Amino acid sequence: MRLCPLLVPALLLFSTALFAGESAWTGAKANHWAWKPPVRPALPKVQDAAWTRNPIDAFILARLEAAGVKPAPPATREQLIRRVKFDLIGLPPTPAEVDAFVNDHNPDAWEKVVDRMLVSPHYGERWGRHWLDLARFAESNGYEFDEPRPNAWRFRDYVIAAFNADKPYDRFIAEQLAGDELYPYDPQALIATGFNLLGPDMTDAANQAQRRQNTLEDMTDTTGLAFLGLTVGCARCHNHKFEPITARDYFRLQAFFTPAEFRRDHPVPDAKEKAEYDKRMTAYLAATADVRAKLNAMEAPYRKQIYDKKFAALTEIVQRAHRTPEAERSAVQKEIVANTARKLVVSAQDVAAALTKDDKARHAVLQQELKKFDARKPALPTAMALQETGKTPKTFLLRRGELRNPVEEVQPGWLSILSPDMRGEPASIKTIAPTSSGRRAALAKWIASPQHPLTARVMVNRIWQHHFGRGIVASPSDFGLRGDRPTHPELLDWLACEFSSTWSIKRMHRLMLLSATYQQSTIDGVKKDPNNALFGRSNRQRLEGEIIRDSLLAISGRLNPKMGGPGVFPPIPPEAGVSAKQWKASADGADHVRRSVYIFARRNLRFPFLEPFDVPDSNQSCPKRERSTTAPQALALLNSSDVIAAARVLADRLDKDAPDTDARITLAYRLTLGRTPTDTERRLSREFVAQSPWSELCRALFNVNEFIYLD
Amino acid sequence: MNPLFEYHVQQTRRQFFASVGLSFGGLALGLCDGKAQAPAARPAVHPALPGLPHFAPRAKSLIYLHMNGAPSQIDLWDHKPGMQRYFNQDLPASVRMNQRLSTMTSGQGRFPVAPTKFKFSQHGQAGTWVSELLPHTAKMVDDICLIKTVSTNAINHDPACTYVMTGSEVPGKASIGSWLAYGLGAETQNLPAFVVFTPRFPASGNGQALFTRMWSSGFLPTRFNGVALRGTGDPVLYVQNPPGVTSDDRRTMLDALSKLNERNFERLGDPETHTRIAQYEMAFRMQTSVPELVDLRTETQRTLDMYGPEATQPGTFANSALLARRLIERGTRVVQILHRGWDQHGDLPNALRNQTNDTDRGVGALLMDLKQRGMLDDTLVIWGGEFGRTVYSQGALSRDNYGRDHHPRNFCMWLAGGGVKGGITYGETDDFSYNIVDRPCHLLDLYATVLKCMGIDHERLTYRHQGLDQKLTGVEGAQVIPDLLA
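### A word on the packing of helix α11 (residues 208–228) of chain A against helix α19 (residues 455–468) of chain A
Residues and elements named next belong to chain A.
And then number 1: Direction vectors running N to C along α11 and α19 enclose 70°, while the axes themselves pass 8 Å from each other. Relative to α19, the element α11 is oriented roughly perpendicular. Along its contact with α11, which presents Leu225, Ala226, Phe227 and Leu228, the element α19 presents Thr455, Val458 and Arg462.
And then number 2: Tallied by class, the residues present in the contact of α11 with α19 amount to five nonpolar, one polar and one charged.

### Side note on the packing of aromatic side chains
And then number 1: One pass over the structure, following the stated rule, counts 43 aromatic pairs over all chains.
And then number 2: Look at A:Tyr250 and A:Phe251: their rings are 5.1 Å apart centre to centre, the planes differ by 85°, and that puts the pair in the edge-to-face class.
And then number 3: Residue A:Tyr250 is classed as buried on the basis of its relative accessible area, which comes to 0%.
And then number 4: Look at A:Phe251 and you get buried, because its relative accessible area is 0%.
And then number 5: Among the aromatic residues, those joined into a cluster by ring pairs are A:Tyr123, A:Trp131, A:Phe137, A:Phe155, A:Tyr158, A:Phe163, A:Tyr169, A:Phe172, A:Phe195, A:Phe227, A:Phe499 and A:Trp503.
And then number 6: The cationic tip of A:Arg77 hangs over the ring face of A:Phe101; the distance from NZ or CZ to the ring centre is 4.4 Å.
And then number 7: Seen from the ring of B:Phe111, B:Arg96 lies directly overhead, with NZ or CZ sitting 4.4 Å from the centre.

### A short note on the nonpolar core
One broad rule of soluble globular proteins: the nonpolar side chains tend to lie buried together.
And then number 1: Counting 122 residues, the largest nonpolar core has A:Trp131, A:Tyr169, A:Trp464 and A:Leu495 as its most contacted members.
And then number 2: A total of seven residues in this core trace back to one element, the largest contributor, which is α19(A).
And then number 3: The contact partners of A:Trp131, leaving out residues within four places of it in the chain, are A:Val159, A:Phe163, A:Tyr169, A:Phe172, A:Gln176, A:Phe195, A:Phe227 and A:Met459.
And then number 4: Among the nonpolar cores identified, the runner-up in size contains 109 residues, and A:Phe86, A:Phe600, A:Cys698 and B:Ile337 belong to it.

### Some thoughts on the pairing of strand β8 (residues 379–384) of chain B
For a regular strand, side-chain orientation follows a simple rule: the groups alternate between the two sheet faces.
All names here are of chain B.
And then number 1: Of all six residues that make up β8, six are buried, and the element is covered over most of its length.
And then number 2: Residues Thr379, Val381 and Trp383 of β8 are buried on one face, and the alternating residues Leu380, Ile382 and Gly384, pointing to the opposite face, are buried as well.
And then number 3: In this sheet, β8 lies alongside strand β1 (residues 61–67) in parallel orientation, the contact comprising six bridges. If you follow Ile63 over to β8, its bridge partner there is Val381.
And then number 4: Relative to strand β11 (residues 411–417), β8 runs antiparallel, the two sharing four bridges. Pairing of Ile382 across the sheet is with Leu415, part of β11.

### Brief notes about the packing of helix α23 (residues 631–639) of chain A against helix α24 (residues 641–657) of chain A
All names here are of chain A.
And then number 1: Where α23 contacts α24, the axes come no closer than 5 Å and their chain directions differ by 35°. When α23 is examined against α24, the residues Ala636, Leu637, Leu638 and Asn639 are found in contact with a partner set consisting of Ser641, Val643 and Ile644.
And then number 2: Residues belonging to the contact of α23 with α24 are distributed by class as follows: five nonpolar, two polar and no charged.

### Some words on the confidence of the model for chain A
And then number 1: Scored by pLDDT, chain A comes out at a mean of 91, with 97% of its residues at no less than 70.
And then number 2: In the model, residues 1–21 of chain A has pLDDT below 50 throughout and makes 34 contacts with residues more than four positions away in sequence or in other chains.

### A closer look at helix α3 (residues 55–67) of chain A
Residues and elements named next belong to chain A.
And then number 1: Helix length check: α3 (13 residues) gives 19 Å between terminal C-alpha atoms against 18 Å at 1.5 Å per residue, within 8%.
And then number 2: When we look at burial in α3, the residues that qualify are Ile56, Asp57, Ala58, Phe59, Ile60, Leu61, Ala62 and Leu64.
And then number 3: Those residues of α3 that are buried are in contact with α19, α20 (489–502) and α21 (505–513).
And then number 4: Downstream of α3 by a residue or two, Gly68 has a phi angle that is positive, lying close to 70°.

The rules behind the values
Residues numbered from 1 in each chain as written. Chains lettered and ligands numbered in written order. Predicted model: local features only at pLDDT ≥ 70, side-chain atom pairs only at ≥ 80, totals over all residues. Heavy atoms only, no water. Axes fitted to C-alpha atoms, helices over the stretch in contact; angles between N-to-C directions. Helix = DSSP H or I, 4+ residues; strand = E, 2+ residues; numbered from the N terminus. Parallel < 35°, antiparallel > 145°, perpendicular 65-115°, else oblique. Contact = heavy atoms within 4.5 Å. Nonpolar A, V, L, I, M, F, W, Y, C, P; charged D, E, K, R; others polar. Phe/Tyr/Trp six-rings, centres within 6.5 Å; stacked < 30°, edge-to-face > 60°. Buried < 20%, exposed > 50% of the residue type's maximum accessible area, 1.4 Å probe, protein only. Lys NZ or Arg CZ within 6 Å of the ring centre and 35° of its normal. Core = buried A, V, L, I, M, F, W, Y, C linked by side-chain atoms within 4.5 Å. Pairing = 2+ DSSP bridges. pLDDT = per-residue confidence, 0-100. Expected span 1.5 Å × (residues − 1).

If you want it as structure tokens, here you go:
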């Protein structure tokens, strides 16, 4: 479509070359470091062994010593407790927490703090959010109509629970890619497969086959980015320009997903909910058998009549497509049927409109009768999920990625570059059940293998990135030739081997947080490494918008710690001009002060206070948030009602909890910045509150750099 | 930027610093101890990328008038007198060539030709044909470069709008305004580099939702997002001091804090700190500059009359057009006006008349105003939609009433001002405005040309994202169209 008609013949000639490159890869493309499985390296020797606390430090220090750079001095205890609390929980430390750590002189004080935070249920809210960014999580369809997805929150809760339970990462992968195939009786594993459906969905697409294809592409691309750290999506329309990934590779990967049905309302009851449902449903059906039979008998002739009329209204070509048995339909006929099926649906309204006057009255009575039982009709909890039905549509290599340009059928298979001999052979797949092709189970098994060269490396790098501000590979979802090279390849491999031996994410947190590397200050004393490529100091990090909002709530003592459940709708200021259809504030004020991870995630409307702070666009997997600095941020922190309310409530709290001006200033600094003020700061603040209300001091403190940055 | 204005900005800036010592941001940040920092070290608020522009620009700023929903080229610009005799005849199969239809008409039994009911006449020295619906724009045709053969890829609004704004149907790419803000920065220190208006539209208009992604920075850093000025309430969210905080309070706060600046901080040499101070300065100045921007008392009555009675009503197209000129004057790089309601599947003649009544005067006035001030020489104006509309009627057809479906294969856009040839018509379509027969201009070719006017080689304005050097004009080799350039 991109090219004008005159150029099409030229394109067809050219495009025959697009799918070449199936033979074994050679040269730089074949020898790229990331294609080789990680091998556990020996620990390097260091001179200043006393500095090291665990193997991570040996790898870091060896490079620093080689470059003649000394590690930064350790961070202060006040900085450390604030850093780790934001890092693991996403909330500021309370003064009591700071005091307890600062005054704990036992050698294991730090370890105890880390362990305590790792078992907090709020850890999952913080780290689950990182995964939700990768999963392009949102609770609406996006595109023009952006319809809500009322059950999408179950995936959010699944992720939070998985992180809290330290679900082994291989199992976490398996559940999200193939929970229905591997753990069909575990409702949580079914909810997990919603991962594949979280992307935007054009429900009103002109072509419903294209709509399904878009969703398939989205799940293929996201699988590549999130689990493999590869930009496979680039190979959809042509062989990848930079990576050894062919268009055929792309569609082979997609073929793992093609047997799946995309369910938006898959029942996901646990055993107890199911038993209860069955009991109540049996009772409901028994109680309504009579009236339902009468209704059906009355409606049947009308339904037939209406259907026939609708059928007759179709053009001859469309009728013929519908009359042709499904197996014999041509590709065009299939498309026609898919696009016109809804014209043949006989709705309750159609029937109601067709009823004769007498029948209408009788019908109304019967419906009234049936309605009386509505309260007794049970409903199952549902979620978005994949499900197979036994049908296995063919997967085609599509020229230029266009559905109407199939080139040849392909079978599911690994990327050729990661296959034995680097040839794209079909994967060996065992059917699990008549309605479970085993394809995604095979894909999950391949990805979640300790021998896979990418899986463990990609995930440990993500964990590292969040703790240290930058990944060992700085392009966290691109480990290909065009991605960044690892700054510490041996460390990355050592961590990957450690990780894949247990797949415990919390164990990796512990390793990283207990290192001396993590506990360095942000002070750049030596100025030899401006980009901190050597990790010879800590990187200063800006807090995410959600964490800023949660902090404002926590500091002013208003945070509602309730976990889980459907998304909440805190009010949006009228100046934002958002329609009531898009956003209606939750009736219960307690829902206005929940943690930000529970704010209903509308794809087309980012929460106005969070928006300037780089909340990602949920249309695509986001491996790393932007850290922009803008005037709208400043305005939000100066003037938004969220900040004003926090400042007022905090001022009241200072008044109540501290006896005099000095104590109040100290408490204000401790609550907002996690430290006591210096003498100068104390004097300046005293002068300030002599002229201005306390709430203004609080507001000013919310606007100092230190409030939204972590040292 | 106008040197006089530059001088004025510098004066204002100096006075500001002299009176309060430093900006609010610097002051609040001054509540924390640290080393001193010289104010001179602060960077420009909107710096250009090094090496940009690539060559001398013909246009310094861009005003993009986007008619969201897809205005009918057949009823506005693409004059097809021969079509009248085909009234209510089926569109010949040789013309339709079995092309993709939207679901809204794919079930239709026949495709009857609906000639426009509106009269066209020739205007200007160039004799450009323009519909009677655009009398004000018609007066400016000698400055307009009309392109009749623009084509795009998508057939539904959402992907097509995403495409027309970002060069990609897939959400997540950077918008054209963000690209320009990223590459060229802006000369203003008081206002955003890229500003968006979403004025109200007639009740008869079929309004599609607008998405922030249409002016989003996508993968670019978010400081390049368009800032949408609001038509109701505050033009910028959170721009007002909160209730209960008077400007005296603010003054007290600033004065008290200014004393702290002898021990101003710059804790750790983090360059982001400088940026943040600069953004606080701008936020503070926006609290003044935005109200000043929207205060039209400094405009002459003659100017206001040109834009019409709605010029002073916030949220109207005319008001947005006037503010667009004021923003460009103040050094903003890109202004976009996204006007909704142009999706006429039915009752097109009435609804389209309302749409043009709502916008035509503002468009004509904007061009005239820019021209009279000598600003049209270095301001580029774009007018267009996300695709065109079909020659055949959707739904019932009469001489007086009809509807039209989506048509991405060809539609009309125009450019005016800095760097483009005025008074020309580029490209030709067939007798049914259904296919391009001469000189196609893909949307991305048009954007390559626009960037050229702005001093940018579209192949060299790139940003690395997901393993690819992303460009506004995509990977398939967009071409600058030299015939459009003056």
